[in-house]
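The lines below spell out each chain.
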Amino acid sequence: MFLILVNYKKSLEIVDQYLAEHRKYLAEGYKKNYYVVSGTRSPRTGGIILSQLKDRKQLEDIIQQDPFYLQHIADFEIIEFNPALYHDNFASFIQ
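Attention here is on the structure that accompanies the text. (Residues numbered from 1 in each chain as written. Predicted model: local features only at pLDDT ≥ 70, side-chain atom pairs only at ≥ 80, totals over all residues. Heavy atoms only, no water.)

## Digging into the overall build of the protein
On a plain count of helices and strands, the protein comes out with four helices and four strands. When the elements of the protein are put in sequence order from the N terminus, they spell out β-α-β-β-α-α-β-α. Radius of gyration (C-alpha) of the protein: 13 Å, near the 12 Å computed for a compact globule of 95 residues. C-alpha extents for the protein along the principal axes are approximately 40 × 25 × 20 Å. Here the protein holds 95 residues, and the buried ones make up 36% of them. (Helix = DSSP H or I, 4+ residues; strand = E, 2+ residues; numbered from the N terminus. Rg over C-alpha atoms; globule rule 2.2 N^0.38 Å. Buried < 20%, exposed > 50% of the residue type's maximum accessible area, 1.4 Å probe, protein only.)

## Section: helix α2 (residues 56–63)
Buried within α2 are the following residues: Leu59, Ile62 and Ile63. All buried residues of α2 fall inside an arc of 95 degrees around its axis, so they share one side. (Arc of directions from axis to C-beta.)

## A word on the packing of aromatic side chains
What the rule picks out here adds up to six aromatic pairs. Aromatic side chains tyrosine 34 and tyrosine 35 sit 6.2 Å apart centroid to centroid with 80 degrees between the ring planes, which places their arrangement in the edge-to-face category. Across this residue pair, the class does not change: tyrosine 34 and tyrosine 35 are buried. Ring geometry for phenylalanine 90 versus phenylalanine 93: centroids 5.4 Å apart, planes at 45 degrees, classification tilted. For phenylalanine 90, a relative accessible area of 21% translates into the label partly exposed. The class of phenylalanine 93 is partly exposed, set by a relative accessible area of 29%. Among the aromatic side chains, those forming a connected cluster through ring pairs are Tyr25, Tyr30, Tyr34 and Tyr35. (Phe/Tyr/Trp six-rings, centres within 6.5 Å; stacked < 30°, edge-to-face > 60°.)

## Concerning the pairing of strand β1 (residues 2–8)
For a regular strand, side-chain orientation follows a simple rule: the groups alternate between the two sheet faces. Burial of β1 is extensive: five of the seven residues sit out of reach of the surface. Looking at chain direction, β1 and strand β3 (residues 46–51) are connected through six bridges and run antiparallel. In the strand pairing of β3, valine 6 is matched with glycine 47. Strand direction decides the pairing type here: β1 and strand β4 (residues 74–80), joined by seven bridges, are antiparallel. Pairing of tyrosine 8 across the sheet is with alanine 74, part of β4. (Pairing = 2+ DSSP bridges.)

## A few points about the pattern of salt bridges
Following the criterion strictly, the structure yields five salt bridges and no others. Between lysine 9 and aspartate 75 there is a salt bridge whose closest N-O contact spans 3.1 Å. Placement of the pair is lysine 9 in the loop between β1 and α1 (12–31) and aspartate 75 in strand β4, with a sequence separation of 66 residues. A relative accessible area of 44% places lysine 9 in the partly exposed class. (Salt bridge = Lys/Arg side-chain N within 4 Å of Asp/Glu carboxyl O.)

If you want it as structure tokens, here you go:
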């Protein structure tokens, strides 16, 4: 499982120009079961994405298709972790 920290490196004005494309990219990722949850950080300095993928290289390749990556709008920090405890409703994402 991976936690992806999205850190904006461009102004919010530029971020907002690509936000619809970024969300379309995420929606496709949800359809393909790449992602569990995503959202904007508060304050709005970037975002967070949680992925249940097990292969880091696959995730890196997928992230390189994100408009925020392609347009150099954000940096992506990938943190791999192994969930030890989780809510029962979350179990399907772990297995």
